[in-house]
Amino acid sequence: MIALNGIAASSGAALGQFFLLTTEIPVPSPSPSTLPLLEERQVLTDAINFVGADLEARATRSTGELAEILTAIGEIATDPALLEEAFNVIAQGHNASYAISLATEIFKELLESSGGYLAERVSDVANICDRILCRIAGVEYPEIPQFIVPTILIARDLSPADTTDLESDQILAIVTEGGGPTSHTAIIARSRGIPAVVACPGVVEYARTQHGSLLGVDATTGEITFNPPAEIQSRLVEKVERILKRKAQLVNRTPLGYQTRDGQTVPIYANIGGLKDVDVALKAGADGVGLLRTELLYLDRKLPPTLEEQIQIYTDLFTPFAGQKVVIRTLDAGADKPMAFINFDHEPNPALGVRGYRTVYKHEDLLRIQLEAIAAATIASGTNVWVMAPMITLPQEAANFVEMAKSYGIKTVGVMIEVPAAVFHADELTTICDFVSIGTNDLGQYLHAADRESAPLAAFNDPWQPALLRAIYQVAQAGLRNNCPVGVCGEAASDAALASVLLGLGVTSLSCSVSTLRDVAAAVSALSYPELQLAGIAALAAGTSQKTKESARAQLSALEDLGL
Ligand code: PEP
Ligand code: MG
């Protein structure tokens, strides 16, 4: 038995034979070009055009999110800046293969130094380069075969282009050596419901030596096992069976939301960041949108979006949810989501700096244009649109925001509660606002003074931390006192057991990631309100994150049966 650990990127489990996708790509040599300059340039241009057209064709064959991703990657492949960089290398007397690999390295470094989402695009750029190198060398790019029996796929990394024709019903799980939780492998696996473990060091080398052996994948813990012993095999089989049972679990749903076992309504919304998420959210059974992160629409922009542009995109985003609710959040620029047209001052501590609603102090015009666009798109779409501001600290800020938003004709206005001071102002905030939504990701980090991106401090950001649960309870109770709906849209609502606890604490709606919405809905449908409340009480009484979880789970035995 060989056990390895990676990051669980798409939950589930699998046990079966594996296939190692080996991508033998021609290695470019720095040998001088043997062609005249113009011909060498032509070799490269032809190869790039071929790869660009191939990616475009793949985008046309695909739908939804994958189609959008492929189009974006096709644009990277044919980016004039990449070609120009490579032409510069050719001008120094090098061959086309060497030139494109050098130009790609420069591109990759740029992305890497930007960090976060952009850094995870590095593997896409590398994949484009591999495809171009194959084309120049006149060899076929190694594609994923069409499996005829259920198989676990292992690869160094997968690019969206690799997954275009993936027959997901024959793929038991995906394990990659590279990638991260927001890499495309992870995104695509989640959207297709394929269990996936990414960033699993050593998996490719072991796969070579363990050829023909059985592989166990636990994509909840991130553990993979070559040649698993009987005990691990039966644990995995049991897990797979529970997951199947959960998928078959009947959910109780009315037009107003999901229903607990004893008939209480709980709306479950989706968190979305763009058009690509709309279809998936609706298919997953979202009651609408509980958090539309508008900054994600404009992260790569140098100039602010115009009023017309914003009206168009918000109308496109709202319209599919006509008859339902969409909670749109105004730009949460700053900290880990800097935006070139807002955050141009260097800040030593950006998470504690000019972020979210605070950008209004310098750029009121941007907020005003956004509110005007939201108001216009609301009318155009016929959707019930609620608007909220991120990073509100003081009641006065909430009052100013509510007044400003209403002056544009927006009817339902609220704020996020994600700064500890706002918890202590919960009574005022739930009086001033039409609703509040708790951002547990930031509330957790600010309560514990622990950067949510920091791996060594991850335990502080465990959403089961007692201080976080107690803060949520205070806000939920203030909401009940002041007749103000209190939702949770942070990641805490995406954990089926914790979401159950949140409801027990008095939260009135949940908004979770699309990938876990079905699990949360299954949990809500399987539990009664008194059970949720008992879980909430048990969690509040515990003193550590492990204990809050254990004590709550002890009250939620129905979840055990569903493998949640
Ligand atoms: C949060 O902080 O919990 C939240 C939902 O907002 P974001 O993750 O976008 O900061
Ligand atoms: Mg936040």
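Trainee: Report on the coordination of the magnesium ion (ligand 2), specifying residues and quantitative values.
Mentor: Taken together, the protein ligands of the magnesium ion (ligand 2) are E418 (OE) and D442 (OD), with distances of 2.0 to 2.1 Å. Taken together, the positions of E418 in the loop between β16 (412–417) and α14 (420–424) and D442 in helix α16 (residues 440–448) put the pair 24 residues apart, joining distant regions of the chain. Owing to a relative accessible area of 2%, D442 belongs among the buried residues under this scheme.

Trainee: Requested: an account of empty space enclosed by the protein, with residues and values cited.
Mentor: Under the criterion given, the structure shown has 4 cavities of 30 Å³ or more. Estimates place the volume of the largest cavity at around 90 Å³. Class assignment for the residues of the lining of the largest cavity results in 7 nonpolar, 5 polar and no charged. Taken as a whole, the second largest cavity spans an internal volume of roughly 70 Å³. Along its surface, the second largest cavity is lined by 14 residues, and R293, R329, M416, E418 and N441 are the ones closest to its centre.

Trainee: Give a description of the layout of surface pockets that names residues and reports values.
Mentor: The calculated volume of the second largest pocket comes to roughly 390 Å³. Lining the second largest pocket we find 20 residues, and of these T23, I25, D130, R156 and D157 sit closest to its centre. Taken together, the elements giving at least two residues each to the lining of the second largest pocket come down to α6 (122–137) and α8 (203–209). Ranked by residue count, the leading element in the lining of the second largest pocket is α6, at 4 residues. Looking at side-chain class alone, the lining of the second largest pocket contains 6 nonpolar, 7 polar and 7 charged residues. When residues are assigned to domains, the lining of the second largest pocket turns out to be shared by domain 1 (2–23 + 143–232) and domain 2 (37–137), each giving three or more.

Trainee: Break down the site of ligand 1 for me, with residues and values.
Mentor: Taken together, 15 residues surround ligand 1, and among them R293, R329, G439, N441 and R452 come closest. R293 is positioned such that a nitrogen or oxygen atom in its side chain is 2.7 Å from an oxygen atom of ligand 1. Here an oxygen atom of ligand 1 and a backbone polar atom of T440 are 3.0 Å apart. Protein contact buries 99% of the 290 Å² of open area that ligand 1 shows by itself. More than half of the atoms belonging to ligand 1 lie within 2 Å of the grid points that define the second largest cavity. Listing elements by their share of the shell around ligand 1, those giving two or more residues are β13 (288–293) and α16. Looking at side-chain class alone, the shell around ligand 1 contains 3 nonpolar, 4 polar and 8 charged residues.

Trainee: Tell me about the packing of α16 against helix α17 (residues 466–481), and please be specific about residues and values.
Mentor: Each pair of packed helices can be described by the angle between their axes along with the distance between the axes. Axis separation between α16 and α17 bottoms out at 10 Å; the angle between their running directions is 120°. With respect to α17, the axis of α16 lies oblique. Note on packing geometry: the crossing formed by α16 with α17 is right-handed. Two secondary-structure elements touch here, α16 through T440, L443, G444, L447 and H448 and α17 through A467, L468, A471 and I472. Partitioning the contact of α16 with α17 into residue classes produces 6 nonpolar, 3 polar and no charged.

Trainee: Tell me what's going on with the sheet that holds strand β17 (residues 435–438), and back it up with residues and numbers.
Mentor: The 8 strands are arranged β12-β13-β14-β15-β16-β17-β18-β19 in a closed barrel whose pairing can be described as parallel. Across the sheet, the axes of successive neighbouring strands diverge by a mean angle of 25°, strand direction being ignored. Where β13 and strand β14 (residues 325–329) come together, 4 bridges link them in parallel fashion. The partner of L292 across the bridge, within β14, is I328. Of the strands in this sheet, β15 (384–389) and β16 touch helix α13 (residues 395–407), which is tilted by about 150° from β16.

Trainee: Requested: an account of the sheet that holds strand β9 (residues 253–254), with residues and values cited.
Mentor: If you trace the 3 strands from one edge of the open sheet to the other, you get β9-β10-β11, paired in antiparallel fashion. Both outer strands of the open sheet, β9 and β11 (265–266), are each paired with one neighbouring strand and no more. Across the face of the sheet, helix α19 (residues 514–526) comes into contact with β10 (257–259) and β11 while running at roughly 45° to β10.

Trainee: Give me the side chain of S545: which residues, what numbers.
Mentor: With respect to the helices and strands, S545 occurs in helix α21 (residues 545–554). Not counting chain neighbours up to four residues away, the residues in contact with S545 comprise D462, W464, Q465 and P466.

Trainee: Quick one: what's the story with the packing of helix α11 (residues 307–318) against helix α12 (residues 364–381), residue by residue and with numbers?
Mentor: Relative orientation of the contacting elements α11 and α12 amounts to 45°, with a least axis distance of 8 Å. When the axis of α11 is compared with that of α12, the two are oblique. Here α11 and α12 pass one another in a crossing that is right-handed. Judged by residue contacts, L307, Q310, I311, Y314, T315 and F318 of α11 engage I369, Q370, E372, A373, I374, A376, A377, T378, A380 and S381 from α12. Among the residues forming the contact of α11 with α12, the class breakdown is 10 nonpolar, 5 polar and 1 charged.

Trainee: Kindly report on the packing of aromatic side chains, identifying the contributing residues and their values.
Mentor: Applying the stated criterion across every chain, the model contains 7 aromatic pairs. Relative to F226, the ring of Y206 lies with its centre 6.5 Å away and its plane at 40°, an arrangement referred to as tilted. Of this pair, Y206 sits in helix α8 while F226 sits in strand β8 (residues 223–226); the two residues are 20 residues apart in sequence, bridging distant segments of the chain. Note on Y357 and Y361: the rings are 6.2 Å apart at their centroids and 80° apart in plane angle, and the pair reads as edge-to-face. In this structure Y357 comes out as buried when scored by relative accessible area, which is 5%. Each member of the aromatic cluster is reached from another via a ring pair, and the members are F18, Y206 and F226. It is K325 that lies over the ring of W386; its NZ or CZ is 3.5 Å from the centre.

What counts, and where the lines are drawn
Residues numbered from 1 in each chain as written. Chains lettered and ligands numbered in written order. Predicted model: local features only at pLDDT ≥ 70, side-chain atom pairs only at ≥ 80, totals over all residues. Heavy atoms only, no water. Donors = N, O, S within 2.8 Å, 3.2 Å for Na, K, Ca; no water. Helix = DSSP H or I, 4+ residues; strand = E, 2+ residues; numbered from the N terminus. Buried < 20%, exposed > 50% of the residue type's maximum accessible area, 1.4 Å probe, protein only. 1 Å grid on protein atoms, 1.4 Å probe; cavity = no way out; pocket = protein on both sides within 12 Å on 5 of 7 lines; lining within 4 Å. Points joined across faces, edges and corners; volume = space filled by probe spheres on them. Nonpolar A, V, L, I, M, F, W, Y, C, P; charged D, E, K, R; others polar. Domains from an automatic or database assignment. Near = heavy atom within 4 Å. Polar contact = N/O pair within 3.5 Å; in protein donor to acceptor, adjacent residues only side chain to side chain. Areas by Shrake-Rupley, 256 points an atom, 1.4 Å probe, with all protein chains shown as cover. Sits in = over half its atoms within 2 Å of the grid points. Axes fitted to C-alpha atoms, helices over the stretch in contact; angles between N-to-C directions. Parallel < 35°, antiparallel > 145°, perpendicular 65-115°, else oblique. Left-handed = near helix turned anticlockwise from the far one by under 90°. Contact = heavy atoms within 4.5 Å. Pairing = 2+ DSSP bridges. Phe/Tyr/Trp six-rings, centres within 6.5 Å; stacked < 30°, edge-to-face > 60°. Lys NZ or Arg CZ within 6 Å of the ring centre and 35° of its normal.

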